[in-house]
Amino acid sequence: MGTNPFIHESAYVDDGARIGAETKVWHFCHVLGGAVIGERCSLGQNVVVMNGVKIGNNVKIQNNVSVYEGVELEDDVFCGPSMVFTNVVNPRSHVPRKSEYKRTLVRRGATIGANATIICGVTLDEYAFIGAGSVVTKDVPAYALMVGAPARRVGWMCQCGERLADKNPAACKLCGTRYELDSGQLRRVS
């Protein structure tokens, strides 16, 4: 483990898990032995982090989230309460499918709302914003605001978390950051 992580007395951290400095692992969490968790993270109550999971720095995982093998969370990701990751497309209890786990990548700064479901094998690009209760079934572009089941893009979000006006170019009314839409992709220009 890194220096100075906080591990609540009711949490289990298996041998071989790596937890960075200033990370907090709260009540009833379980971090398995092959997990790597960065610095300044917070794992809320009842979070499970499986073998082989890599979590970057400053990641916030709210209560009742399981981060399954095959999932990678880059720096500054936010996982809302009770959101769900999957790792197999067609699970059956009587058919072993560990060799079929699909990789799910959540890029830097992305937010996943409460009770959202992320179907395995997708990438949520930088600063994507997944609305509460949404079901993501395909890759999500950077800065996209996604809602619904299945999730569809309904707008764009600034990296500070403010919704952008539907014009091109757009400037965030909160922080002033400017963006341009180019070939269906939003990119930061200043």
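Everything in this summary refers to the structure shown in the same document. (Residues numbered from 1 in each chain as written. Predicted model: local features only at pLDDT ≥ 70, side-chain atom pairs only at ≥ 80, totals over all residues. Heavy atoms only, no water.)

1. Things to note about the overall build of the chain
Cut-off, in case you're wondering: The helix count covers DSSP runs of H or I at least four residues long, the strand count covers runs of E at least two residues long, and both are numbered beginning at the N terminus. Only C-alpha atoms enter the radius of gyration, while the globule expectation follows 2.2 Å times N to the 0.38, with N the number of residues. Here the term buried applies to any residue with accessible area under 20% of the maximum for its type, exposed to any over 50%, and partly exposed to those in between, with areas from a 1.4 Å probe on protein chains only. By the convention used here, residues are in contact when the closest approach between their heavy atoms is within 4.5 Å. To be clear on the numbers: accessible area is Shrake-Rupley with a 1.4 Å probe, and residue cover counts the displayed protein chains and nothing else.
Across its full length, the chain holds zero helices and 25 strands. The C-alpha atoms of the chain give a radius of gyration of 17 Å, which matches the 16 Å a tight globule of 190 residues would have. Overall, the chain is about 50 × 40 × 20 Å in size when its C-alpha atoms are taken along their principal axes. The burial tally for the chain puts 40% of its 190 residues in the buried class. Within the chain, counting contacts between residues at least 6 apart in sequence, those at least 24 apart form 14% of the total. Total accessible area computed for the chain in this model is approximately 9,800 Å², and 47% of it derives from carbon and sulfur atoms.

2. Observations regarding the environment of Cys 172
Position of Cys 172 among the secondary structure elements: in the loop between β23 (170-171) and β24 (178-182). For Cys 172, a relative accessible area of 4% translates into the label buried. Residues Cys 172 and Thr 86 lie 86 residues apart in sequence; the distance between their C-alpha atoms is 33 Å. Dropping the residues within four chain positions of it, Cys 172 is found in contact with Cys 158, Cys 160, Glu 162, Leu 164 and Thr 177.

3. Things to note about the nonpolar core
Rules: Nonpolar cores are built from buried Ala, Val, Leu, Ile, Met, Phe, Trp, Tyr and Cys residues. Side-chain atoms within 4.5 Å join them into one set.
Within the largest apolar cluster, 48 residues are counted, with the highest numbers of intra-cluster contacts made by Leu 73, Phe 85 and Ile 112. Elements with a minimum of two residues in this core: β12 (71-73) and β21 (144-147). Not counting the four nearest positions on each side in its chain, Leu 73 is found in contact with Lys 54, Ile 55, Gly 56, Val 59, Ile 61, Val 67, Cys 79, Phe 85 and Val 106.

4. A closer look at the packing of aromatic side chains
We count it as follows: Paired rings are identified among Phe, Tyr and Trp, the last through its six-membered ring, by centres lying within 6.5 Å, and are further divided according to the angle between planes into stacked (under 30 degrees), edge-to-face (over 60) and tilted (the rest).
A full pass over the atoms with the stated rule returns three aromatic pairs. Note on Phe 6 and Trp 26: the rings are 4.8 Å apart at their centroids and 50° apart in plane angle, and the pair reads as tilted. With Phe 6 in strand β1 (residues 6-7) and Trp 26 in the loop between β4 (24-25) and β5 (30-31), this pair connects stretches of sequence that are 20 residues apart. What makes Phe 6 partly exposed here is its relative accessible area of 35%. Taking the relative accessible area as the measure of exposure, Trp 26 reaches 30% and is therefore partly exposed. Ring geometry for Tyr 127 and Tyr 143: centres 5.7 Å apart, planes at 10°, overall stacked. In this pair, Tyr 127 sits in the loop between β18 (123-124) and β19 (129-130) while Tyr 143 sits in the loop between β20 (135-136) and β21, placing the two residues 16 residues apart along the sequence.

5. Section: the pairing of β21
The condition is simple: The pairing criterion is simple: DSSP has to find at least two bridges between the two strands.
Where β19 meets β21, two bridges bridge the pair, whose relative direction is parallel. From the neighbouring strand, Phe 129 faces β21, where its bridge partner is Leu 145. Two successive antiparallel strands, β21 and strand β22 (residues 152-156), enclose a turn made up of four residues, where Gly 148 displays a positive phi of approximately 100°.

6. A few points about the side chain of Glu 72
Selection rule: Polar contacts here mean pairs of N or O atoms no more than 3.5 Å apart (in protein, one a potential hydrogen donor and the other a potential acceptor; neighbouring residues in sequence count only if both atoms are side-chain atoms).
Mapped onto the secondary structure, Glu 72 falls in strand β12. In this structure Glu 72 comes out as buried when scored by relative accessible area, which is 19%. A distance of 2.7 Å separates a polar atom in the side chain of Glu 72 from a polar atom in the side chain of Arg 103. When near neighbours in sequence (up to four residues on either side) are disregarded, Glu 72 contacts Lys 54, Arg 103, Thr 104, Leu 105 and Val 106.

7. What about the sheet that holds strand β10 (residues 60-61)?
Strand order across the open sheet formed by nine strands is β1-β4-β7-β10-β13-β16-β19-β21-β22, with mixed pairing between neighbours. Looking at which strands have only one partner, the edges of the open sheet turn out to be β1 and β22.

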